[in-house]
Amino acid sequence: MAHITVSVEYGMHSLLWLVGESDRPRSGRDLAAFQGIPPSYLLKILAKLEKAGIVRAFEGARGGFRLGRPPEEITLLDVVDAIEGRKPLFDCQEVRGRCALFQPERPAWADHGVCSIHAAMLQAEKAMRSSLAAQTLAQISASVATKAPDTFSASVSDWFENRKAQPAQRTGEGT
């Protein structure tokens, strides 16, 4: 079971296509089409990002989404928490107390303190959250820019502009 679901991945990719587009909202439908996913699915993700202040929604025919704050101020942890909620990596079920040798009554030492497995999982979660908090959308965007050919950014912009010019391809406007 994945703790961080594909919704976070689609959300992050959508945010990448909004970096540098502060004056032009991109429609949720176009962002979904660009990634090959249903608009209804992506719009649910974008609604969570909007609630967290990561994106801003604009209504109308020229509406869509823009970043809600600079990409340098949006961490990967912000995005994960906005989409997934702040749920624990590990849900300890206190299995340690169910040992067959502890019947009919558990010894006091068996339940003393935090479960060692739970402690290790808490430490891993803290490290993961710290790592995600240290990385920003701006850094990820810069990393993509170093991998992609120089023409890629222009191709992305052209694709979105062509979608605006051909409304017959769309099944609705705005967000």
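Going by the structure above, here's the rest.
Reading the values: rules and limits
- Residues numbered from 1 in each chain as written.
- Predicted model: local features only at pLDDT ≥ 70, side-chain atom pairs only at ≥ 80, totals over all residues.
- Heavy atoms only, no water.
- Helix = DSSP H or I, 4+ residues; strand = E, 2+ residues; numbered from the N terminus.
- Rg over C-alpha atoms; globule rule 2.2 N^0.38 Å.
- Buried < 20%, exposed > 50% of the residue type's maximum accessible area, 1.4 Å probe, protein only.
- Contact = heavy atoms within 4.5 Å.
- Areas by Shrake-Rupley, 256 points an atom, 1.4 Å probe, with all protein chains shown as cover.
- Lys, Arg positive; Asp, Glu negative; His and termini not counted.
- Charge placed at Lys NZ, Arg CZ, Asp CG, Glu CD.
- Arc of directions from axis to C-beta.
- Axes fitted to C-alpha atoms, helices over the stretch in contact; angles between N-to-C directions.
- Parallel < 35°, antiparallel > 145°, perpendicular 65-115°, else oblique.
- Left-handed = near helix turned anticlockwise from the far one by under 90°.
- Nonpolar A, V, L, I, M, F, W, Y, C, P; charged D, E, K, R; others polar.
- Pairing = 2+ DSSP bridges.
- Salt bridge = Lys/Arg side-chain N within 4 Å of Asp/Glu carboxyl O.

*Asks:* Mind showing me how you'd approach the overall build of the protein here?
*Replies:* Along the backbone of the protein there are 7 helices and 2 strands. Taking 175 residues into account, the globule formula puts the C-alpha radius of gyration at 16 Å, and the protein, at 22 Å, lies well above it. By principal-axis analysis of the C-alpha atoms, the protein measures approximately 75 × 35 × 25 Å. Each of the 175 residues in the protein was classed as buried or not, and the buried ones make up 34%. By sequence separation, contacts in the protein at least 24 residues apart represent 69% of the contacts at least 6 residues apart. About 10,600 Å² of surface is accessible on the protein, with carbon and sulfur atoms providing 56% of the total. In the protein, 21 positive and 20 negative side-chain charges are present, and the distance between their average locations comes to 3 Å.

*Asks:* Mind showing me how you'd approach helix 6 (residues 137–147) here?
*Replies:* Within an α-helix, residues lying three or four positions from one another point in the same direction, as the helix has 3.6 residues per turn. The complete set of buried residues in helix 6 reads Leu137, Ala138 and Ser141. End-on view of helix 6: buried residues confined to an arc of 100 degrees, all on one side of the axis. Pointing more than 90 degrees away from the buried face of helix 6 are the exposed residues Thr146 and Lys147.

*Asks:* Can you help me understand unusual backbone geometry in this one?
*Replies:* In most cases, non-glycine residues show a negative phi, while peptide bonds are predominantly trans. Cis peptide bonds are those with omega within 30 degrees of zero, and the linkage from Gln103 to Pro104 qualifies with 10 degrees. Tracing the backbone shows Pro104 in the loop between helix 4 (76–84) and helix 5 (116–133). Within the chain, Glu94 stands out as a residue other than glycine whose phi angle is a positive 55 degrees.

*Asks:* Honestly, the packing of helix 2 (residues 28–35) against helix 7 (residues 152–165) in this entry has me stumped. Any pointers?
*Replies:* Two measures define how a pair of helices packs: the angle their axes make with one another and the distance between the axes. Following both chains from N to C, one finds helix 2 and helix 7 inclined at 125 degrees, their axes separated by 11 Å at the closest point. When the axis of helix 2 is compared with that of helix 7, the two are oblique. For helix 2 against helix 7, the interelement crossing comes out right-handed. Taking contact as the criterion, the partners of Arg29, Asp30, Leu31, Ala33 and Phe34 in helix 2 are, on helix 7, Val156, Trp159, Phe160 and Arg163. Residue composition of the contact of helix 2 with helix 7, grouped by class: 6 nonpolar, no polar and 3 charged.

*Asks:* Sorry, what's going on with the pairing of strand 2 (residues 64–67) here?
*Replies:* Taken residue by residue, a regular strand's side chains alternate between the two faces of the sheet. Note that strand 1 (residues 55–58) and strand 2 share 4 bridges and pair antiparallel. Among the inter-strand pairings, Phe58 is bridged to a residue of strand 2, identified as Gly64. Hairpin connection of strand 1 to strand 2: 5 residues between the antiparallel strands, including Gly60 at a positive phi of 100 degrees.

*Asks:* Just checking my understanding: could you explain the pattern of salt bridges for this structure?
*Replies:* Where charged atoms from two side chains of opposite charge come close, those side chains can pair. Inspection of the entire model under this criterion finds 5 salt bridges. The salt bridge partner of Glu161 is Arg24, with a shortest N-O separation of 3.3 Å. Separated by 137 residues along the polypeptide, Glu161 in helix 7 and Arg24 in the loop between helix 1 (6–16) and helix 2 bring together distant segments of the chain. Here Arg24 falls in the partly exposed class, since its relative accessible area comes to 31%. For the salt bridge of Asp78 with Arg69, the shortest nitrogen-to-oxygen distance reads 2.8 Å.

Take it as geometry only, folks, not as evidence of what the structure does.
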